[in-house]
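# Chain and residue survey
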Amino acid sequence: GCCSKGIAGSCDGRAASRTSLDLTHMFSLQIEHIAALIFALALLHTFSVSYFAALAKSYPKHSGLLHLLSEVEVVFGFWAFILVGAMAAIQGGPAALAFAESRQYTEPLFVFVVMVMAASRPVLFAVTQLVSAMASRVPLPVSLVRTWMGLAIVPLMGSLITEPAAMTVAALMLAPLVFHTKVPERIKYFTLGVLFVNVSIGGTLTSFAAPPVLMVASTWQWDSAWMLLNFGWKSAVAVVINASLAAYALKPYLQNEPIDIKNSSIAPVPFSLVLSHLTLLAGVVVLGHYPVAFWGLFLLFLGVTHAYPQHQNPLVLKEALLVAFFLAGLVVIGGMQQWWLQPLLTQLSPNALFGSALGLTAITDNAALTYLGSLIEGLSDEAKYNLVAGAVAGGGLTVIANAPNPSGTALLKKGFQNASISALGLLGGALLPTLIAAFALKFLPF
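Computed from a predicted model, the values in this text were never measured in an experiment.

Attention now goes to unusual backbone geometry. The phi dihedral of Asn418 falls on the positive side, at around 60°, and the residue is not glycine. Along the polypeptide, Asn418 turns up in the loop between helix 21 (405–412) and helix 22 (423–443). Asn418 gets classed as partly exposed once you look at its relative accessible area, which sits at 42%. The backbone of Ala419 sits at a positive phi, close to 50°, despite the residue not being glycine. Tracing the sequence through the fold places Ala419 in the loop between helix 21 and helix 22. Take Ala419: its relative accessible area is 41%, and that puts it in the partly exposed class.

As structure tokens, this is what we get:
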């Protein structure tokens, strides 16, 4: 019609526009499927890091590269570069860069800052003094009480100081007590599983500390009082049970090998410096949604640490950067999985949603999972609860299940064989504490 009336240019323009839209849609589908494949390969890589560590010993000529690929924290960042490269090849460099720039990196930046600050000597000294004061009042071996508190009290403190800070403090407290050669590997993996699960559920006493809760709290109007009544007390029950089981399993080794954690890494620090560090850390927690603001506080923190080097240990910058790199990679790759995750979540009943969230958390960050849930219109209150409960209960199954897990991995892996944490070992160690957490959140009454 339009061409026969002398406006062939207009007709050709519309046809070209339709062709362009069709090509854009086709490229989008290609990228989505490629992203899903890369996500699967990254998961496979995560479960194979111990294999790369063993290969590094067999092939010394390439040990540097193989050691790099054996770092769990490198996995998702490495594959994120491959994804962006694939996007550049298919859609062009500007489109790939635009996609990378469009991702939200607040959480990786926040975890980096909190991990460095929480691992500083003044903060560790304050927490150690508090734990020691509490342990001295309990008529049990000090090393046993400190271990139990590192697995129970510190994760529950995560509801106030945030989960990344709780993970950092707990890992540094437990490392000299538990994660060394005198403790059998299977018990270390069980303890690691308890730590990861307890940190994941220990942040649910408030609405701002656990990343998967933070993603939905505002949208669903869940305040801290609601969280404490519906999640918090159940989580606390599970945390205490898990920590007690781990302490019981560790008891023979802690009694036979009492280790004094009051070493040079937690040497006495002036009260004024402790107060300044805790104040700056509290400011970062309060301003956790505003990267410019909390990075300003972090730079001030770096200035203070530089001014008083005699009261500081080397900052955990390398470990924190690796963790941030891991989480940023997860943000890039995980952000492309919405096309298959969201339809799956919308088709499930509340009970099926709980089990599915529990399982899916093992292969995707639980905060990403609950964020997708917050986008679904018309979810019932029961479905909302089951989604978040399943997500936090499964937060200890793998390194990628919960944002603070890479922090614990980076700080504790030296205590394991080959200085590497096996994904299957962690999965096996976390099964029992995960079941206990799931039972408490699902079956204890409202």
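With that settled, consider a nonpolar patch on the surface. Together, Trp233, Val237, Ile241, Leu245 and Leu432 line one region of the surface with nonpolar side chains, adding up to about 390 Å² of accessible area. The leading source of residues in the nonpolar patch is helix 13 (residues 224–256), at four residues. In this structure Leu245 comes out as partly exposed when scored by relative accessible area, which is 35%.

Here the focus is the layout of surface pockets. As a volume, the largest pocket reaches approximately 990 Å³. Lining the largest pocket are 32 residues, with Gln104, Glu107, Met215, Ala367 and Tyr371 positioned closest to its centre. Elements supplying a minimum of two residues to the lining of the largest pocket: helix 6 (106–118), helix 12 (211–220), helix 14 (271–286), helix 16 (317–334), helix 17 (338–346) and helix 19 (366–374). If you tally residues by element for the lining of the largest pocket, the top one is helix 19, at five residues. Residue composition of the lining of the largest pocket, grouped by class: 18 nonpolar, 11 polar and three charged.

Moving on to the packing of helix 16 against helix 21. One can describe the packing of helix 16 onto helix 21 by two numbers: an axis separation of 9 Å at closest approach and a directional angle of 145°. Seen from above, helix 16 lies across helix 21 with right-handed handedness. Residue-level inspection shows Glu319, Val323, Phe326 and Leu327 of helix 16 in contact with helix 21, the latter providing Pro406, Ser407, Ala410 and Leu411. Across the contact of helix 16 with helix 21, the residue classes break down as six nonpolar, one polar and one charged.

Turning to the pattern of salt bridges, a few remarks are in order. In total, this model carries two salt bridges according to the counting rule given. Of the charged contacts, one joins Glu71 and Lys413 as a salt bridge, the two residues approaching to 2.1 Å between their closest N and O atoms. Separated by 342 residues along the polypeptide, Glu71 in the loop between helix 3 (63–69) and helix 4 (72–91) and Lys413 in the loop between helix 21 and helix 22 bring together distant segments of the chain. Since its relative accessible area comes to 23%, Glu71 is described here as partly exposed. The buried category is assigned to Lys413, whose relative accessible area is 13%.

Time to look at the confidence of the model for the chain. If pLDDT is low for a region, its predicted coordinates should not be looked at in detail. Averaged over all residues, the pLDDT of the chain equals 86, while 91% of them reach at least 70. Confidence, expressed as mean pLDDT per element, reaches its minimum in the chain at helix 1 (residues 8–46) with 70 and its maximum at helix 11 (residues 185–202) with 97. Across residues 256–265, confidence stays below pLDDT 50; counting only partners more than four residues off in sequence or on other chains, it has 18 contacts.

Parameters and conventions
- Residues numbered from 1 in each chain as written.
- Predicted model: local features only at pLDDT ≥ 70, side-chain atom pairs only at ≥ 80, totals over all residues.
- Heavy atoms only, no water.
- Helix = DSSP H or I, 4+ residues; strand = E, 2+ residues; numbered from the N terminus.
- Buried < 20%, exposed > 50% of the residue type's maximum accessible area, 1.4 Å probe, protein only.
- Patch = residues over 30% accessible without salt bridge, like charges linked within 9 Å, V, L, I, M, F, W, Y side chains within 5 Å.
- Areas by Shrake-Rupley, 256 points an atom, 1.4 Å probe, with all protein chains shown as cover.
- Salt bridge = Lys/Arg side-chain N within 4 Å of Asp/Glu carboxyl O.
- 1 Å grid on protein atoms, 1.4 Å probe; cavity = no way out; pocket = protein on both sides within 12 Å on 5 of 7 lines; lining within 4 Å.
- Points joined across faces, edges and corners; volume = space filled by probe spheres on them.
- Nonpolar A, V, L, I, M, F, W, Y, C, P; charged D, E, K, R; others polar.
- Axes fitted to C-alpha atoms, helices over the stretch in contact; angles between N-to-C directions.
- Left-handed = near helix turned anticlockwise from the far one by under 90°.
- Contact = heavy atoms within 4.5 Å.
- pLDDT = per-residue confidence, 0-100.

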